[in-house]
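Spelled out from the first residue to the last, the chains are:
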Amino acid sequence: MENDVWFRPFVWLDYRLALIFMVIIPLILLIWAFVQRAEGIQRLLTIYWRVSSLLVITIYLMIGGFGVSFLSGLIGRILIPVSLWFWVDLNDEIEYQATGPLKLIFTSWRWAMTIYGILGTIAFIPFLGCAFSPTALKSSYCRVWLEAPLLFKEYFHANSKPAFLGFLGIMSLVIYVLYLSYFVLIKLGKQGRSATQQ
């Protein structure tokens, strides 16, 4: 029964790529940017971490078995590439920064994340039905996406109940949506596409 999902290896590959491209590389880049005092890259990566926290929330929602996790996962995949290119002032600052290894690797990562985000969004769209149908959510077609989050739970939250971790995910999602709504409805109108203007 569990082996009837032909795309399982691709799902696990996606989680592995996400770990490399969305956690390890940006963390190294952020530390490197602080050491080199590259303020534009620092600010953009700080924004990236705020936006990408939606995918961390998605992991906890998946542990709890909530269908909304498929919706938050899709939105996260869309918001991350947008956040990497949205800010005109940061784009200019990074563009005019002296050429060096940090700028080269950061730019390469930014393009790789954009391509990965677009392809990931397209590949994830067929699973959106898992968010709206409790029956579909119980099928192996949808549950294959929950396997890696449940393994994460075993490693880092072995003594916690999935329902409790799912509850933390829901609470975090509410806070995230409120902050995003405030940003889009109020802050964006005041500062436009400038990350530094208050």
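How each quantity is defined
- Residues numbered from 1 in each chain as written.
- Predicted model: local features only at pLDDT ≥ 70, side-chain atom pairs only at ≥ 80, totals over all residues.
- Heavy atoms only, no water.
- Salt bridge = Lys/Arg side-chain N within 4 Å of Asp/Glu carboxyl O.
- Helix = DSSP H or I, 4+ residues; strand = E, 2+ residues; numbered from the N terminus.
- Phe/Tyr/Trp six-rings, centres within 6.5 Å; stacked < 30°, edge-to-face > 60°.
- Buried < 20%, exposed > 50% of the residue type's maximum accessible area, 1.4 Å probe, protein only.
- Lys NZ or Arg CZ within 6 Å of the ring centre and 35° of its normal.
- Arc of directions from axis to C-beta.
- Contact = heavy atoms within 4.5 Å.
- Patch = residues over 30% accessible without salt bridge, like charges linked within 9 Å, V, L, I, M, F, W, Y side chains within 5 Å.
- Areas by Shrake-Rupley, 256 points an atom, 1.4 Å probe, with all protein chains shown as cover.
- Core = buried A, V, L, I, M, F, W, Y, C linked by side-chain atoms within 4.5 Å.

Here we come to the pattern of salt bridges. Counting across every chain of the model gives five salt bridges. Notably, a salt bridge pairs glutamate 147 with arginine 8, separated by 2.8 Å at the nearest N-O pair. Of this pair, glutamate 147 sits in helix α8 (residues 147-156) while arginine 8 sits in helix α1 (residues 8-36), and the two are 139 residues apart along the sequence. Residue arginine 77 pairs with aspartate 14 through a salt bridge whose shortest N-O separation is 2.6 Å. Taken together, the positions of arginine 77 in helix α3 (residues 68-85) and aspartate 14 in helix α1 put the pair 63 residues apart, joining distant regions of the chain. The structure contains a network of salt bridges with shared partners spanning Glu39, Arg43 and Glu93.

This part is about the packing of aromatic side chains. The final tally for this structure, using the stated rule, is 20 aromatic pairs. On the basis of an interplanar angle of 90 degrees and a centroid distance of 5.4 Å, the ring pair of tryptophan 6 and phenylalanine 7 is categorised as edge-to-face. On the basis of relative accessible area, phenylalanine 7 is assigned to the buried category, the value being 10%. Pairing tyrosine 48 with tryptophan 49 gives two aromatic rings, centres 5.4 Å apart and planes at 70 degrees, and the pair type is edge-to-face. Its relative accessible area of 0% is what places tyrosine 48 among the buried residues. Lying over the aromatic face of tryptophan 85, arginine 110 brings its terminal NZ or CZ to 3.9 Å of the ring centre. Over the aromatic face of phenylalanine 86 sits the side chain of arginine 193, whose NZ or CZ is 5.3 Å from the ring centroid.

This next bit is on α8. Looking only at α8, the buried set comprises Ala148, Pro149 and Lys153. Buried residues of α8, viewed axially, fall in a sector of 150 degrees; they line one side. On its buried side, α8 packs onto α1, α2 (39-63) and α9 (162-191).

Time to look at a nonpolar patch on the surface. Together, Tyr179, Leu180, Tyr182, Val184, Leu185 and Ile186 give the surface a local cluster of nonpolar side chains, amounting to about 590 Å² of exposed area. Summarising the element assignment, tyrosine 182 is placed in helix α9.

It is worth spelling out the nonpolar core at this point. Among the nonpolar cores identified, the biggest contains 29 residues, and Met22, Ile41, Ile80, Phe106, Trp109 and Met113 are the most heavily contacted of them. Among the secondary structure elements, those contributing two or more residues to this core are α1, α2, α3, α4 (88-95), α5 (101-124) and α9. Looking at which element gives the most residues to this core, the answer is α2, with ten residues. Among all residues touching methionine 113, those that are not within four sequence positions of it are Phe21, Met22, Tyr48, Ile80, Pro81 and Leu84. The next biggest cluster of nonpolar side chains, apart from the first, holds 17 residues, and it includes Val5, Met62, Ala131 and Cys142.

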